[in-house]
Amino acid sequence: MAKESTTIDVGEPSTVTKSSSHVVKKKGFVAAAAGGGAKRGLAIFDFLLRLAAIGVTIGAASVMYTAQETLPFFTQFLQFQAGYDDLPAFQYFVIAVAIVASYLVLSLPFSIVTIVRPLAVAPRLILLIFDTLVVTLNTSAAAAAASIVYLAHNGNQSTNWLPICQQFGDFCQNVSTAVVAASIAILFFIVLIIISAIALKRH
């Protein structure tokens, strides 16, 4: 009786497995590179937006700080003058917005780190946390100043507060400009927070 011989070739499946593993690793590397590129783009936009926010907040604080007007008719004993330091809300606005501008300057190195290392989580998380805290401060300052600006323009009949913007037109224009600039800074912060949230979500 003739014996049948059986040959088993196990070399080819091993080669196929290695090839498949190599393809999977290559696809993973390409996906990681694409994700890093997208995050780097978000980080660059974040940096540019912070530069714009610095300019806006410094402008808002400066305009409010220099807001002052004296009416041309006055006597030796009576003088009509309006300045930011006459109202606590405006003083708080200047201090708070100056703090916001200082924070934005200090946040630039962290923003640069996210550009150099777009996949790093820690700097992005730090920016997200502090951006959220600082936008609260910015919003409170803008809201406090906006309430006084509204009274300056419209007055309040219930409390017999008369509008003063007809007399102090330049002063009202300056403080209104400062409030608008601070409101624009709030929008910038909202976009910054969204950018950080998107960058962290991609992890």
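Above this text sits the structure in question.
We now turn to the structure provided with this report. Residue numbering note: each chain is counted from 1, following its sequence as written. Per-residue local features are limited, in this predicted model, to residues with pLDDT of at least 70; the limit for side-chain atom pairs, both in listing and counting, is 80 or more; totals at the level of whole chains, interfaces and linings are taken over all residues. Excluding hydrogens and water, the side-chain values take into account all heavy atoms of the structure.

Now for the overall build of the chain. Secondary structure elements follow DSSP: runs of H or I of four or more residues count as helices, runs of E of two or more count as strands, with numbering from the N terminus. Counting its secondary structure elements, the chain contains 4 helices and 2 strands. Reading the chain from its N end, one meets helices and strands in the order α-β-β-α-α-α. Relative accessibility under 20% of the residue-type maximum defines a buried residue, over 50% an exposed one, and the middle range a partly exposed one, all with a 1.4 Å probe and only protein chains included. Counting every position in the chain, which comprises 203 residues, the buried fraction comes to 34%. We call two residues contacting when some pair of their heavy atoms lies within 4.5 Å. In the chain, the proportion of contacts linking residues at least 24 apart, taken out of those at least 6 apart, comes to 78%. Surface accessibility follows the Shrake-Rupley procedure with a 1.4 Å probe radius. Residue values consider only the protein chains on display as shielding. Working note: accessible area of the chain is about 12700 Å², and carbon and sulfur atoms make up 68% of it.

The criterion for a disulfide is a pair of cysteine sulfur atoms lying within 2.5 Å. In total, this model carries 1 disulfide according to the counting rule given. Put simply, C165 and C172 are joined by a disulfide, and their sulfur atoms are 2.0 Å apart. Taking the sign of the S-S torsion, about -90° here, the bridge from C165 to C172 comes out left-handed. By the burial criterion, C165 is buried, and C172 matches it.

This part is about the side chain of S107. Assignment of secondary structure puts S107 in helix 2 (residues 88–116). Given a relative accessible area of 2%, S107 falls into the buried group.

Each salt bridge in this description consists of a side-chain nitrogen of Lys or Arg and a carboxyl oxygen of Asp or Glu lying within 4 Å of one another. According to the stated counting rule, one finds 3 salt bridges in the structure shown. For R50, the salt bridge is made with D46, and the minimal N-O distance between the two is 2.7 Å. With R50 and D46 both in helix 1 (residues 11–65) and 4 residues apart, this pair spans about one turn of that helix. The class for D46 is buried, based on a relative accessible area of 0%. For R50, the salt bridge identified is with D131, shortest N-O distance 2.6 Å. Taken together, the positions of R50 in helix 1 and D131 in helix 3 (residues 122–154) put the pair 81 residues apart, joining distant regions of the chain. The same class applies to R50 as to D131, namely buried.

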